[in-house]
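# Inside the fold
This is what each chain is made of:
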Amino acid sequence: MKLRSIVDVQIAPDGQRVAYVVSTPNISKNEHEAALFVVSATGGTPERLAETVRIFNVPTPRPQLRWSPDGTTLSVLGMEEGRPEVVGIPLTGAPPAALTKAPEGVFAYEWAPDGKSLAFLTRDPMPRDEERQRQNKSFVMRADAPDRPVRLALVRTGQPSAMRLMTPPTDYVDAMSWSPDGREIAYSAAPRTGFTAAYDARVYAVAIDGGARRTIVDRPGMNTGPHFSPDGRSIAFISTNGRNDIMASRSLTIVPAAGGTPRAYGMDDAWVDEVVWSPDSRSIFLVANDGTFSRGEHMFEQPIVRLSVVDGTASRLGSEATVAFSIGRSADGARLAFKSVAARTMGEVSVMDASTGRVTTIADMNPELKDYAVGNLKPVRWRSFDGAEIWGLLLTPSGAVSGKPLPTLVYIHGGPGGGFTFGLFPQFMHIVPQVDPYPTATMAGAGYAVFFPMPRGGAGYGEAGQRAIVNAWGETDYKDIMTGIDALVAQGIADPNRLGVMGASYGGYMTNWIVTQTGRFEAASAGASLSDLGDTYYLSEAGAFMVDYFKRPWENRDSYAAHSPLTFAEKVTTPLLIQHGEVDPRVPIANAWKFYRTLKAMGKTVELEVYPRGGHVLREPAQQREQMRRNLEWFEKWIDPKP
């Protein structure tokens, strides 16, 4: 819990300085604190800025760090009068000042190209009737009542209160991008909110003068995150290309800014996460998981890729096995700055020469890690039951003796469409990583090997791999995991008599499923776990998610039951720890209580822990530490890590 993590990186327009924000858990305050630093792009001693600004950190830091176009000001989302607002931090040393005063706060923002305006997202105020009802306690929550719209708004710098709304209340805006000439803003919006709202998002543009709105992309599926090209002729965005399906690849797509037929760049089913145009508008820097550059032994990497807009050819920049997040470029495109995560790090601030791909680390957040035995992490592969090549990561204790079988904990990722990457917390390096319930580096330090399988159904095998478990949770994915364990046992790495299994969300489902299918494990821990798939349709915010896999419960009753761990509870022999957030909207806590009550009544060894205020993952440092401590304690109780 003393480890620091990078949550944002931005390079100055002139390419000479890099700003970044560091998050550190504070147990006594029970919050993650954020601090802003600036360092030379060639390295040196970082300078902390704006210590008096409380960077927005509810529930974890989300600074949305930006440079003004002229490079004289940094801006972040900071807490002002209890709400997030854009705060400008002049590099002259003048005091920080709020650049917005939105009554409902700011969710996201971008500087205008001339630096004289800010576009931002904010929610409509609460209706007076609702405000009155909340005050007199007569307010009633109504099913499917629409949320307050998220609107695109505009302010002039120096006039933070003069907010001008730019979009209609029927649009729930999720992202925006200024045109290079500053005459309009492209944005993506859906007609609703909710877990699957992004699959109804379309791309629009609104004129700054007059507010005329035009539609750029109007088709089914996800169309979100527009980015104007520097020449103003094109807009890049992320799209499922007409498919409204949780398993459809999220491809880089480009459309003429005037409207027209979008062109998708599939890159072998890559799921694109970040997009940055080159200055000449002829190529795009991007990071993605899965696809061309994240298959096989590279499945756990997320390299920076340059893609030619003209012919679609793509090339990897840099050769090191790392994961890149928060990429940005200098105005001339000569330098890229980003968070770079290697196998056993929390991530460093790095700068890349865009022409050569050479990377320089300019800020190391946790130099003390070099003095710790953090274990050795490497890719492993095996053949599954049908001959398919499956991959995973294997973490072994530092100094482990070759040929001596190790107690092994199997950590199954969430999703199902998720996966693992390199990093000290291999499932959560994209956010504040202490949200991981399982302290795998500490477990390795205690003597355990940790196996991170990547079964089909998750990332790494393209869209076909994702669809391998449609109407079949706990089938191919279960066999992929178990054959991986068999391979480790056969190689003399894993001790077959000292095996544990753990995971949260879909990993929690698989943990529950595994203990109903086999007695090979000495202990198990399931977090945010599913036991009754029907409950997840009826009670979860993600009910539509289940339909893509199993249809609706009344259309497929037998399959819902056949793939629910609750159906096979009597077969459990493994001691099971169940952990669940009290207000988890994604996996309803009923799943935890039903499995616990059933196993308890059957005389099984089971414990249930409910984390007050906890959601699908835990955000409070005190709870995060307790959850990790309890999981380490649980496995040490049932599986002796000592030789």
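The rules behind each value
- Residues numbered from 1 in each chain as written.
- Predicted model: local features only at pLDDT ≥ 70, side-chain atom pairs only at ≥ 80, totals over all residues.
- Heavy atoms only, no water.
- Helix = DSSP H or I, 4+ residues; strand = E, 2+ residues; numbered from the N terminus.
- Expected span 1.5 Å × (residues − 1).
- Buried < 20%, exposed > 50% of the residue type's maximum accessible area, 1.4 Å probe, protein only.
- Core = buried A, V, L, I, M, F, W, Y, C linked by side-chain atoms within 4.5 Å.
- Contact = heavy atoms within 4.5 Å.
- Pairing = 2+ DSSP bridges.
- Patch = residues over 30% accessible without salt bridge, like charges linked within 9 Å, V, L, I, M, F, W, Y side chains within 5 Å.
- Areas by Shrake-Rupley, 256 points an atom, 1.4 Å probe, with all protein chains shown as cover.
- Salt bridge = Lys/Arg side-chain N within 4 Å of Asp/Glu carboxyl O.
- Polar contact = N/O pair within 3.5 Å; in protein donor to acceptor, adjacent residues only side chain to side chain.
- Axes fitted to C-alpha atoms, helices over the stretch in contact; angles between N-to-C directions.
- Arc of directions from axis to C-beta.

This part is about helix 5 (residues 506-517). For helix 5, spanning twelve residues, the distance from its first C-alpha to its last is 16 Å, which sits close to the expected 16 Å at 1.5 Å a residue. The buried fraction of helix 5 is high, at eleven of twelve residues. Along helix 5, the residues that are buried comprise Tyr506, Gly507, Gly508, Tyr509, Met510, Thr511, Asn512, Trp513, Ile514, Val515 and Thr516.

The tendency in soluble globular proteins is for nonpolar side chains to be buried side by side. The biggest cluster of nonpolar side chains holds 96 residues, and the ones touching the most others in it are Met443, Trp473, Met510 and Phe635. Among all residues touching methionine 443, those that are not within four sequence positions of it are Leu409, Tyr438, Tyr448, Val450, Met502, Asn631, Leu632 and Phe635.

Turning next to the environment of glutamate 570. Looking at the secondary structure, you find glutamate 570 in the loop between helix 8 (557-562) and strand 35 (576-581). When its relative accessible area of 45% is taken as the criterion, glutamate 570 is described as partly exposed. A sequence separation of 32 residues divides glutamate 570 from methionine 602, and the C-alpha atoms of the two residues are 7.0 Å apart. Here glutamate 570 is in contact with Met602 and Lys604, once residues within four sequence places are set aside.

Take the pairing of strand 18 (residues 234-239) next. Burial analysis of strand 18 places six of its six residues in the buried class, which makes it a mostly covered element. Because side chains alternate across strand 18, one face comprises the buried residues Ser234, Ala236 and Ile238, and the other comprises Ile235, Phe237 and Ser239, equally buried. Bridging between strand 17 (residues 223-228) and strand 18 involves four bridges; their strand directions are antiparallel. From the neighbouring strand, threonine 224 faces strand 18, where its bridge partner is isoleucine 238. The sheet contact formed by strand 18 and strand 19 (residues 251-256) spans six bridges and is antiparallel. Considered in strand 19, the bridge of serine 234 is made with proline 256.

The next point concerns the sheet that holds strand 8 (residues 97-98). Think of a sheet as strands paired side by side through backbone hydrogen bonds, with each pair either parallel or antiparallel. Spatial ordering of the open sheet is given by 5-6-7-8, a layout of four strands whose pairing is antiparallel. Looking at which strands have only one partner, the edges of the open sheet turn out to be strand 5 (66-67) and strand 8. Of the pairings in the sheet, the one linking strand 6 (residues 73-80) to strand 7 (residues 83-90) comprises eight bridges and is antiparallel in character. Across the sheet, the residue bridging to leucine 77 is valine 86, located in strand 7.

A separate point is a nonpolar patch on the surface. A cluster of nonpolar side chains, Tyr538, Leu539 and Trp554, forms an exposed patch at the surface whose accessible area comes to about 350 Å². Position of tryptophan 554 among the secondary structure elements: in the loop between helix 7 (543-550) and helix 8.

Topologically, threonine 408 is positioned in strand 31 (residues 406-412). The buried category is assigned to threonine 408, whose relative accessible area is 2%. Reaching out from threonine 408, the side chain makes a polar contact with the backbone oxygen of leucine 406 at a distance of 2.9 Å. Those residues in contact with threonine 408 that sit more than four places away from it in its chain are Ala449, Phe451, Ile493, Ala494, Asp495, Arg498, Leu499 and Gly500.

We now examine the side chain of histidine 563. If you trace the backbone, histidine 563 turns up in the loop between helix 8 and strand 35. A residue is classified by how much of its surface remains accessible, and histidine 563, at 7% relative accessible area, is buried. Within polar-contact distance, the side chain of histidine 563 engages the side chain of glutamate 475 at 2.6 Å. Not counting residues up to four positions away in its chain, the partners in contact with histidine 563 are Asn471, Ala472, Trp473, Glu475, Tyr509, Trp513, Leu533 and Phe550.

Looking now at the pattern of salt bridges. Inspection of every chain in the model, using the stated rule, returns 38 salt bridges. Across the pair aspartate 386 and arginine 456 runs a salt bridge whose closest N-O atoms are separated by 2.9 Å. Of the two residues, aspartate 386 sits in the loop between strand 29 (376-383) and strand 30 (389-396) while arginine 456 sits in the loop between strand 32 (449-454) and helix 3 (462-466), which places them 70 residues apart along the sequence. Note on aspartate 386: relative accessible area 43%, which makes it partly exposed. Residue class for arginine 456 comes out buried when judged on its relative accessible area of 14%. Two residues, arginine 552 and glutamate 555, come together in a salt bridge whose shortest N-O distance is 3.6 Å. One network of salt bridges, in which partners are shared, links Glu607, Glu609, Glu626, Arg629, Arg630 and Glu633.

Turning our eyes to something else, we now look at the sheet that holds strand 22 (residues 283-289). An order of 21-22-23-24 is seen for the four strands of this open sheet, with the pairing classed as antiparallel. The two strands at the open ends of the sheet, each matched to only one other strand, are strand 21 (271-277) and strand 24 (314-317). Looking at each pair of strands side by side, their axes are set apart by 30° on average, direction ignored. As paired strands, strand 23 (residues 304-308) and strand 24 are joined by four bridges and run antiparallel to one another. Its bridge partner being in strand 24, arginine 306 is matched across the sheet by serine 315.

Here we come to helix 7. Three or four residues apart is the spacing at which side chains of an α-helix point the same way, because the helix has 3.6 residues per turn. Within the span of helix 7, buried status applies to Gly543, Phe545, Met546, Tyr549 and Phe550. Taken end-on, helix 7 shows its buried residues confined to a sector of 150°, consistent with a single buried face. The inward-facing, buried residues of helix 7 contact helix 6 (533-539) and helix 8. Lysine 551, located one to two residues past helix 7, shows a positive phi value of around 65°.

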